[in-house]
Amino acid sequence: MLQTCDPFIKMFGPAIRDDNGAGLLNGLSVGVKDSFDIAGHVTGAGCPEWATSQGLAAKTAPVVQTLLDTGANIVGKTQMDELAYSLMGVNIRYGTPVNSAAPDRVPGGSSSGSAVSVAAGLVDIGLGSDTGGSVRLPASFCGIYGWRPTHGLLSGENLVPLAPSYDTPAFFTRDLKTMATVASVFQTAQVNEEPLNFWLPSDLWALAEDQVSETLRAALPVSDYRSDPLLADGNLTDWLKVFQIHQGYEIWHTLGPWVLENQPNFGPGIRERFYTASRVTKQAFIDAVKQREVIRAHLEDSVTPKTILVFPTSPGIAPLRSTPQEDLEFFRQSALTMLCVAGHAGLPQLSIPIATHAGAPVGLSLLGARGMDQLLINVAKRFSPESESCEGLGEWK
């Protein structure tokens, strides 16, 4: 039986807020993933040894400060997977937050606490980070919205790094209007929605379980969808391999020195991943960099500013909490094959809580060209269950 825990690792009593006046996020509450610095507090990064090796943060992360400056109230720090190097939300050291949408299933991670606190109605906004899917996957598992911004749109300063060329701050909300408001804080440019090309890549859809794919397709609005594969041969396996090598090398060179010095007692899965990352050679990384450039070029040619990819966020619903580690690892690899697409080219992706299967949520993703974050959120109203009662969503500012 997995240990359960509260989604918050630290509550702030009186919420942290900026009293200089109202802003776009005035009165909205936020849970902050414990990988972001908040001045005067320890950043624990889901790992006891990391927490004890760190002093009090001297500076608040710019993305957190922006939330404060626009009126949000920071309620507390949220639980996460150890050093963000997982996707399931299972943390042997601190416990696993309960997925309120499916309590017998994992919440997804690494931004597990932020996702769960939003899904349970404890906060309005969850701040997480997304490297390989750490906001998108828990959003799908917990039945909420998850936005991975264009890489570089939000500052990653004072965020515990994992693989910097993939890392980005990212957000959860329960409703689309709140997500649109959050996005408007960080990107003010408006984009024209028409005409758009909606593309359901057959190779990405083939990665989802048949019943999940059928459930999501049944929930899609009627439209003229393109359905050819993203790759001519329909085989995305090599993209996952490039991601694993590139990410692994970055991770080891970012965190490896600390791991070697502190010898943390990592839980299952985390320990093995760090060991694998330590074995990636410089030549393998150089080759992966070249391959990633080819992938990026292909995506930039294929995903134009008027193109929206539409596909399942995850290969399936959240695994049961009782799932053996080896089965969780298999699911993780399947999910990363789908999730690495956005990461390779730094593209924005939005997961929408569009359907359920076997009593658990499953998300649909919209992925667009770099900088088209607001377009994705504006277009999401066409796919979202909220759309029938959300007239005027295009007027959000």
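Just above, that's the structure.
First, a word on scope: everything that follows refers to the structure included in this document. (Residues numbered from 1 in each chain as written. Predicted model: local features only at pLDDT ≥ 70, side-chain atom pairs only at ≥ 80, totals over all residues. Heavy atoms only, no water.)

**Focus: the overall build of the chain**
Part 1: Secondary structure assignment for the chain yields 12 helices and 12 strands.
Part 2: For the chain, the spread of C-alpha atoms along the principal axes amounts to about 55 × 55 × 40 Å.
Part 3: Residue pairs at least 24 apart in sequence account for 78% of intrachain contacts in the chain once pairs closer than 6 positions are excluded.
Part 4: Carbon and sulfur atoms provide 52% of the accessible area of the chain, an area that totals close to 15,000 Å².
Part 5: On the chain, the mean spot of the 28 positive side-chain charges and the mean spot of the 40 negative ones are 3 Å from each other. (Helix = DSSP H or I, 4+ residues; strand = E, 2+ residues; numbered from the N terminus. Contact = heavy atoms within 4.5 Å. Areas by Shrake-Rupley, 256 points an atom, 1.4 Å probe, with all protein chains shown as cover. Lys, Arg positive; Asp, Glu negative; His and termini not counted. Charge placed at Lys NZ, Arg CZ, Asp CG, Glu CD.)

**Focus on the sheet that holds strand S9 (residues 197-199)**
Part 1: With respect to topology, 10 strands assemble into an open sheet ordered S2-S4-S3-S6-S8-S7-S11-S12-S10-S9, the strand pairing being mixed. Strands with a single pairing partner mark the edges of an open sheet, and in this sheet they are strand S2 (8-16) and S9. With strand direction ignored, the average angle separating the axes of adjacent strands in the sheet is 25 degrees.
Part 2: Two strands pair when backbone bridges link them, and S2 and strand S4 (residues 73-78) are joined in this way by 4 bridges, in the antiparallel orientation. Of the residues in S4, the one forming a bridge with Ile16 is Ile74.
Part 3: The sheet contacts of helix H3 (residues 112-119) involve S2, strand S3 (29-33), S4, strand S6 (125-130) and strand S8 (168-173), and relative to S6 the element is tilted by about 155 degrees. (Pairing = 2+ DSSP bridges. Axes fitted to C-alpha atoms, helices over the stretch in contact; angles between N-to-C directions.)

**A closer look at the nonpolar core**
Part 1: The biggest cluster of nonpolar side chains holds 108 residues, and the ones touching the most others in it are Val64, Phe171, Phe274 and Phe383.
Part 2: Not counting the four nearest positions on each side in its chain, Val64 is found in contact with Val32, Phe36, Asp37, Ile38, Ile74 and Leu127. (Core = buried A, V, L, I, M, F, W, Y, C linked by side-chain atoms within 4.5 Å. Buried < 20%, exposed > 50% of the residue type's maximum accessible area, 1.4 Å probe, protein only.)

**Remarks on the packing of aromatic side chains**
Part 1: Applying the stated criterion across every chain, the model contains 9 aromatic pairs.
Part 2: For the ring pair Trp147 and Phe171, a centre distance of 6.0 Å and an interplane angle of 20 degrees mean the geometry is stacked. Residue Trp147 is located in strand S7 (residues 145-148), and its partner Phe171 is located in strand S8; the two are separated by 24 residues in the primary sequence. Taken as a pair, Trp147 and Phe171 share a single burial class, namely buried. (Phe/Tyr/Trp six-rings, centres within 6.5 Å; stacked < 30°, edge-to-face > 60°.)

Any functional reading would require information beyond the geometric quantities listed.
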